[in-house]
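# Coordinates in review
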Amino acid sequence: MRYISTRGQGEPLKFTETILTGLARDGGLFIPETFPQVGDRLESWSRLNYRDLAFEIMSLYADDIPPAELKTIIDRSYRVFRDPETTPVRPLGDLWLLELFHGPTYAFKDIALQFLGNLFEYVLARDGRQMNIIAATSGDTGSAAIQGVRGRKGIEIFVMHPHGRVSPVQERQMTTVLDPNVHNLAVKGTFDDCQSIVKSLFGDLPFRDRNHLGAVNSINWARVLAQVVYYFYAGLKVLRTTGAKRLRITVPTGNFGDIFAGYVAAKMGLPVERLVAATNENDILARYFQSGTYSLGQVAPTLSPSMDIQVASNFERYLYFLAQKNAPKLVQWMETFKATGSLTPGVADDPILTGGRGDTADTLRTIREAWETHQVLLDPHTAVGVAVARRNLSPDAAMVTLATAHPAKFPDAIRQATGEDLAHIPELDALAAKPVRCDLIEPSPQAVGGYLEAAISR
Ligand SMILES: *Cc1c(COP(=O)(O)O)cnc(C)c1O
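Here goes a summary of the coordinates provided.

A separate point is the overall build of the protein chain. A count of helices and strands for the protein chain gives 19 helices and 15 strands. At 20 Å, the protein chain has a C-alpha radius of gyration in line with the 23 Å of a compact globule built from 458 residues. With the principal axes as the frame, the protein chain shows a C-alpha extent of 60 × 50 × 50 Å. In the protein chain, of all internal contacts separated by at least 6 residues, the share reaching a separation of at least 24 is 76%. In the structure as shown, the protein chain presents an accessible area of about 17000 Å², 49% of it carried by carbon and sulfur atoms. On the protein chain, the mean spot of the 47 positive side-chain charges and the mean spot of the 50 negative ones are 2 Å from each other.

Let us now look at the sheet that holds strand 10 (residues 272-279). Pairing within the open sheet is mixed, and its six strands lie in the order 3-4-14-9-10-13. Where the open sheet ends on each side, the last strands, each with one partner, are strand 3 (89-92) and strand 13 (353-357). Shown here is a sheet whose adjacent strand axes are inclined to one another by a mean of 30°, direction ignored. One ladder, built from six bridges, connects strand 9 (residues 246-252) with strand 10; its direction is parallel. From the neighbouring strand, Val251 faces strand 10, where its bridge partner is Ala277. Together, strand 3, strand 4 (95-99), strand 9, strand 10 and strand 14 (397-403) form the strand contacts of helix 10 (residues 221-242), whose direction differs from that of strand 9 by roughly 135°.

As a further point, take the nonpolar core. One finds Trp221 and Phe232 to be the most contacted residues of the largest nonpolar core, which totals 112 residues. Ranked by residue count, the leading element in this core is helix 10, at 15 residues. The residues touching Trp221, leaving out its near neighbours within four places in the chain, are Tyr3, Phe15, Thr18, Ile19, Phe30, Pro32, Phe35, Tyr61, Phe260, Val264 and Arg317. The next biggest cluster of nonpolar side chains, apart from the first, holds 23 residues, and it includes Ile134, Ala136, Cys194 and Ile309.

What follows covers the sheet that holds strand 15 (residues 439-441). Spatially, five strands are ordered 8-5-6-7-15 in an open sheet, and the strand pairing comes out parallel. A single partner strand is all that each edge strand has here, and the edge strands are strand 8 (213-214) and strand 15. Taken together, the six bridges between strand 5 (residues 131-136) and strand 6 (residues 155-162) define a ladder with parallel strand orientation. Its bridge partner being in strand 6, Ile133 is matched across the sheet by Ile157. Its contacts with the sheet place helix 7 (residues 168-175) against strand 6 and strand 7 (182-187), and it is angled at close to 160° to strand 6.

Between helix 10 and helix 11 (residues 257-268), whose axes approach to 8 Å, the crossing angle comes to 60°. Classed by the angle they form, the pair helix 10 and helix 11 counts as oblique. Taken as a pair, helix 10 and helix 11 cross one another with a handedness that is right-handed. Between helix 10 and helix 11, the contacting residues are Trp221, Val224, Gln227, Val228, Tyr230, Tyr231 and Phe232 on the first element and Gly257, Asp258, Ile259, Phe260, Ala261, Gly262, Val264, Ala265 and Met268 on the second.

Two numbers describe a pair of aromatic rings. These are the distance of the centres and the angle of the planes. Summed over all chains, the structure comprises 26 aromatic pairs. Centroid distance Tyr3 to Phe15: 6.1 Å. Interplanar angle 55°. Geometry classified as tilted. Residue Tyr3 is located in strand 1 (residues 3-5), and its partner Phe15 is located in helix 1 (residues 15-21); the two are separated by 12 residues in the primary sequence. Classification of Phe15 as buried rests on a relative accessible area of 0%. Residues Tyr294 and Phe337 carry aromatic rings whose centres are separated by 4.9 Å and whose planes lie at 35° to one another, so their mutual orientation is tilted.

A separate point is the pairing of strand 4. Burial of strand 4 is extensive: five of the five residues sit out of reach of the surface. Side chains Leu95, Leu97 and Glu99 of strand 4 all project onto a buried face; the interleaved residues Trp96 and Leu98 project onto the opposite face, where all are buried too. In the sheet, strand 3 pairs with strand 4 via four bridges, with the strands oriented antiparallel. Bridging from a neighbouring strand, Pro91 pairs with Trp96 of strand 4.

On to the packing of helix 6 (residues 140-149) against helix 7, then. Viewed as axis vectors pointing N to C, helix 6 and helix 7 meet at an angle of 25°, and their least axial separation amounts to 9 Å. Looking at the two axes, helix 6 sits roughly parallel to helix 7. Where helix 6 crosses over helix 7, the handedness of that crossing is left-handed. Residues Asp140, Gly142, Ser143 and Ile146 of helix 6 pack against Gln170, Gln173 and Met174 of helix 7. Class assignment for the residues of the contact of helix 6 with helix 7 results in two nonpolar, four polar and one charged.

Near the ligand lie 15 residues; those nearest to it are Lys109, Asp140, Gly254, Asn255 and Asp258. Within the contact set of the ligand, an oxygen atom lies 2.6 Å away from a side-chain nitrogen or oxygen of Lys109. Between the ligand and Asn255 there is a distance of 2.7 Å, counted from an oxygen atom to a backbone nitrogen or oxygen. Protein burial of the ligand: of its 380 Å² of free accessible surface, 98% is covered by the chains. Class assignment of the residues belonging to the shell around the ligand gives a composition of five nonpolar, seven polar and three charged.

Thresholds applied
Residues numbered from 1 in each chain as written. Predicted model: local features only at pLDDT ≥ 70, side-chain atom pairs only at ≥ 80, totals over all residues. Heavy atoms only, no water. Helix = DSSP H or I, 4+ residues; strand = E, 2+ residues; numbered from the N terminus. Rg over C-alpha atoms; globule rule 2.2 N^0.38 Å. Contact = heavy atoms within 4.5 Å. Areas by Shrake-Rupley, 256 points an atom, 1.4 Å probe, with all protein chains shown as cover. Lys, Arg positive; Asp, Glu negative; His and termini not counted. Charge placed at Lys NZ, Arg CZ, Asp CG, Glu CD. Pairing = 2+ DSSP bridges. Axes fitted to C-alpha atoms, helices over the stretch in contact; angles between N-to-C directions. Core = buried A, V, L, I, M, F, W, Y, C linked by side-chain atoms within 4.5 Å. Buried < 20%, exposed > 50% of the residue type's maximum accessible area, 1.4 Å probe, protein only. Parallel < 35°, antiparallel > 145°, perpendicular 65-115°, else oblique. Left-handed = near helix turned anticlockwise from the far one by under 90°. Phe/Tyr/Trp six-rings, centres within 6.5 Å; stacked < 30°, edge-to-face > 60°. Nonpolar A, V, L, I, M, F, W, Y, C, P; charged D, E, K, R; others polar. Near = heavy atom within 4 Å. Polar contact = N/O pair within 3.5 Å; in protein donor to acceptor, adjacent residues only side chain to side chain.

Next up, the structure:
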């Protein structure tokens, strides 16, 4: 399999080159040249366990890694999960919840970042290389990436989070990790500022080459690939259990990475009739799917901070397909959006993708109802998804909603919704007493770039 940039420049790359490169040198995102068609394998895939299925899917895309090595990487990545099924799916009234929070940091980011950490270690050792990772987090990517690479040889990681805008648990999951290769930066700005600093530093080619920059945000194709697996795993299981012929899947969405993995699964042949992007009040994507215009608003802090995003980096991958793989057209769209903060692609509606918004009142009501009716605690991101999913049910399809984080990461929201202090895990509570390391920094590529170079020269 070869990978090309959405912006059309440069030679196609192999899988491991794509993963090490992160963001394409022309500023675009990598996508595979084709999507393997697997419709005739679904029946046999529906009987595989998570790791075997992961191997089947990933070996279609990671074909420059010897099969035995890929198996080892997959085993190492998923044996650390607390649930034997890795990503179990359970009923919640009239829909299914796909639980993605059984990894080390209790959010779905672990599924891709455990894999990426092991993959980096393998490729860097193979090639005798080093890497300095620069990452932006809206809350959960940071700790998952840190757990994926802490203490690994040849890797330093610099994680920017928006100062004061992640939950206290999320913040301490990052800043209490004291391994010397882990550097936490609290940026005086929003997640969009952090993400734009990542893109600027990658866009500065001399800086990028000199410092061997690596990416763990979902601009990295390996993130999307690892997430494709659970769409098949859960989707096939729900189809088999319910006897339904088609799926609807609702995804709590911020950067559009997770739902893009669902889009890939659908393109490969998983019978998905609808993918619903559920957003909170930061609803640029929900508005796009309703109005056809993608237009920037102000970021508002909400109960679901990991979705407090306006500029969704992976939306570019989707727009590329909307442009029918016409890279010059995509470049023009991206330039229009950058210059004006608004874009109306003006092409026909997508038959699969749609969007919806769940606001703070929906979030609190959904958490309370799930607790009172089913004795299930939903984290606020998952609650946005469930609220939006309920408005998109169909008698002809089974509805799956992605449960993206464990409620104990957001005990304040749970208390606000139920009036009770219900969501706690001793391991997370214990973080409050641990020493922390973090530096406050100005929201500019110069400040962050200077910090990185000073740290790695020490
Ligand atoms: C990251 C995150 C999301 C959003 O996922 P994207 O891939 O950025 O769309 C939703 N919920 C939680 C809990 C997250 O950590």
